[in-house]
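Report on the structure
So you can see what is in the structure, the chains are spelled out below.
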Amino acid sequence: MIFENNLWIGNKVVPERICDEIISFFKSKKTQQALVGRVSEEVADLKTRDSGIIFDESPWLYNLLSPFVKKANTVNEWNFDIEGSEPCQFTEYKKNQYYHWHTDSWDSPYKNPSYKHYKKIRKLSITLSLSHENEYKGGDLKVAIPQVKNHELSYNLFKYKTLREKGSFIIFPSYFLHAVEPVTKGTRYSLVNWFVGEPFK
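Structural notes, computed from the coordinates. (Residues numbered from 1 in each chain as written. Predicted model: local features only at pLDDT ≥ 70, side-chain atom pairs only at ≥ 80, totals over all residues. Heavy atoms only, no water.)

This part takes up unusual backbone geometry. The phi torsion at Asn79 lies on the positive side, around 55°, for a residue other than glycine. Phi at His151 takes a positive value of approximately 65°, unusual for a residue other than glycine. Here His151 is to be found in the loop between strand S10 (141-149) and strand S11 (152-159). Judged by relative accessible area, His151 falls into the exposed class, the value being 79%. (Helix = DSSP H or I, 4+ residues; strand = E, 2+ residues; numbered from the N terminus. Buried < 20%, exposed > 50% of the residue type's maximum accessible area, 1.4 Å probe, protein only.)

Okay, here's the thing in structure tokens:
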């Protein structure tokens, strides 16, 4: 068994001028150190993650990403029950910054009653590349695709060079393991969002 229809990749779909507008929009805001863990339970862990991030809930960002996610959900026949998304995350990886292997979702829904997505879980993740591939080195996104062969679980590790092209995106189930390799030169900018819904049944 192989997990087919794992991903949805768009190559240079978002115009460069829009990518530049997104960068300019977030550059006017204050960057904070990225944390790990679910909302309201985050902690600093530089052994796992080191980058600068900014969150924003502007509708125009959601309206940009949402059609891609909805189409991927249908075309890949995931057919996940999606009810909305969390705030968009602008991510800045400078030299020597990274995000080691992790998943975007957890084994239980959000537990904080004050959070707008209380009792929901992350189901689909999207990453939009905002930088030109020649503006940084390293920083490649890797995704571990699970497969079962001869009753044994293993992973195919994919590094998506396409995502180094400005305006390209990748969408995958939020429970997939993925990582961002350390940037060795320059700065890598991306826009990330997570689409949520009721727990899987």
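Under the defined criterion, the tally for this structure stands at 14 salt bridges. Sharing partners across several salt bridges, the network here consists of Lys27, Glu92 and Lys94. (Salt bridge = Lys/Arg side-chain N within 4 Å of Asp/Glu carboxyl O.)

So, on to helix H1 (residues 16-27). Between the first and last C-alpha of H1 there are 16 Å, a value that for twelve residues agrees with the 16 Å anticipated at 1.5 Å per step. All buried positions along H1 are accounted for by Ile18, Cys19, Ile22, Ile23 and Phe26. Projected down its long axis, H1 carries its buried residues within an arc of 140°, all on one side. Exposed side of H1, more than 90 degrees from the buried face: Arg17 and Ser24 are the residues found there. (Expected span 1.5 Å × (residues − 1). Arc of directions from axis to C-beta.)

In this section: the side chain of Asp140. Along the chain, Asp140 falls in the loop between strand S9 (136-138) and S10. Take Asp140: its relative accessible area is 4%, and that puts it in the buried class. Among the polar contacts listed, one links the side chain of Asp140 to the side chain of Arg164, at a separation of 2.8 Å. Beyond its immediate sequence surroundings of up to four residues, Asp140 is in contact with Lys159, Lys161, Arg164, Ala179, Val180 and Glu181. (Polar contact = N/O pair within 3.5 Å; in protein donor to acceptor, adjacent residues only side chain to side chain. Contact = heavy atoms within 4.5 Å.)

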